[in-house]
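What follows is the residue order along each chain.
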Amino acid sequence: MWFISQILVPCKYLAIKEGRGLFESKAVYDFILPLAATAVTGGFTSYIGQKLAIHAHPGLAGSLSDLLALLIAFYMAALAAVATFTREGIDNPLPGEGAEIKRWNNDASEKRWTPLTYRQFISYLFGYLSFGSLVAFGLLLFLTKGWPYIEKKVSTVYKVDAVWFATADATWFLLISFLLWQLIFISCLGIYFLAERMQNLSPQNPET
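First, a word on what this report is: a plain description of the structure on this page. Note that this is a predicted model, so its numbers are computed, not measured.

### Comments concerning the packing of aromatic side chains
If you walk through the whole model with that rule in mind, you get 11 aromatic pairs. Taking the centre distance of 5.0 Å and the plane angle of 45 degrees together, the rings of Phe121 and Phe193 count as tilted. One end of the pair, Phe121, is in helix 4 (residues 118-158); the other, Phe193, is in helix 5 (residues 162-195), with 72 residues separating them in the sequence. A relative accessible area of 1% places Phe121 in the buried class. What makes Phe193 buried here is its relative accessible area of 4%.

### A closer look at the layout of surface pockets
Roughly 450 Å³ of volume is contained in the largest pocket. Taken together, 21 residues line the largest pocket, and the ones lying closest to its centre are Leu60, Leu64, Leu180, Trp181 and Ile184. At eight residues, the largest contribution of residues to the lining of the largest pocket is made by helix 5. Looking at side-chain class alone, the lining of the largest pocket contains 15 nonpolar, six polar and no charged residues.

### A closer look at the pattern of salt bridges
Inspection of the entire model under this criterion finds five salt bridges. The partner of Arg20 in a salt bridge is Glu24, and the shortest N-O contact between them spans 3.0 Å. Across the salt bridge formed by Asp91 and Arg119, the nearest N and O atoms sit 2.8 Å from each other. One end of the pair, Asp91, is in the loop between helix 3 (58-84) and strand 2 (99-105); the other, Arg119, is in helix 4, and 28 residues separate them in sequence.

Rules behind the numbers
- The residue numbers shown here count from 1 along each chain, following its written sequence.
- The predicted nature of this model means local features are confined to residues of pLDDT at least 70 and side-chain atom pairs, given and counted, to a pLDDT of 80 or more, with totals for whole chains, interfaces and linings taken over all residues.
- Each side-chain value is worked out from all heavy atoms of the structure, with water and hydrogens disregarded.
- Stacked, tilted and edge-to-face are the three classes assigned to paired rings of Phe, Tyr and Trp, where Trp is represented by its six-membered ring and a pair needs centres within 6.5 Å; plane angles under 30 degrees give stacked, over 60 edge-to-face, the rest tilted.
- Secondary structure elements follow DSSP: runs of H or I no shorter than four residues count as helices, runs of E no shorter than two count as strands, and numbering proceeds from the N terminus.
- The buried label goes to any residue with under 20% of its type's maximum accessible area, the exposed label to any with over 50%, and the partly exposed label to all in between, with areas taken from a 1.4 Å probe on protein chains only.
- Points on a 1 Å grid over protein atoms alone make up a cavity when a 1.4 Å probe fits among them but cannot get out, and a pocket when they form an open set with protein on both sides within 12 Å along at least five of seven lines; lining residues each have an atom within 4 Å of a point.
- Grid points are joined across faces, edges and corners, and a volume is the space filled by probe spheres set on the points.
- Note on residue classes: Ala, Val, Leu, Ile, Met, Phe, Trp, Tyr, Cys and Pro are nonpolar, Asp, Glu, Lys and Arg are charged, and everything else, Gly too, is polar.
- We define a salt bridge as a side-chain nitrogen of Lys or Arg found within 4 Å of a carboxyl oxygen belonging to Asp or Glu.

The following block contains the structure:
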């Protein structure tokens, strides 16, 4: 299934090891902040008496779909720009703790941690944002258009208890919330690299 591994290549961004420990690494942007924001979103939605179901909020889902359509183009343009950008220092390894990813080593016949350059790290970052926004866009379309029809069909044929649908709706709601928040926080990390770290590049890579 080689084509699946190629399609999922952008997800390698999540496997990148960067920083010192859980709370001093990019895991803060990838998981900790999105999980916290998702919990707040779910709790606030329940507190104000709204249903935890994407299809129960078609207006919001439509606005998010429009936003994602714009972000997909932006992320892909940013990825293309970084991948072809010519500037001294962009192919230096990240300083400090750096960033590493496991890659196959032909000499050792095994996967080994390999340091990443600025270009490689930012390319993986915007590659994941492009992939994630496409997935989120597709999920929003499915959950607003297809999922209600599936629920209706299944409940008619199999007489499934409503609590199962409520659980499924809440699960989908929290999943899409997590993905959207993750895109937001990783976008902030990408903006930081483009606006700050990329301005301090030099052939000698003096940044610490």
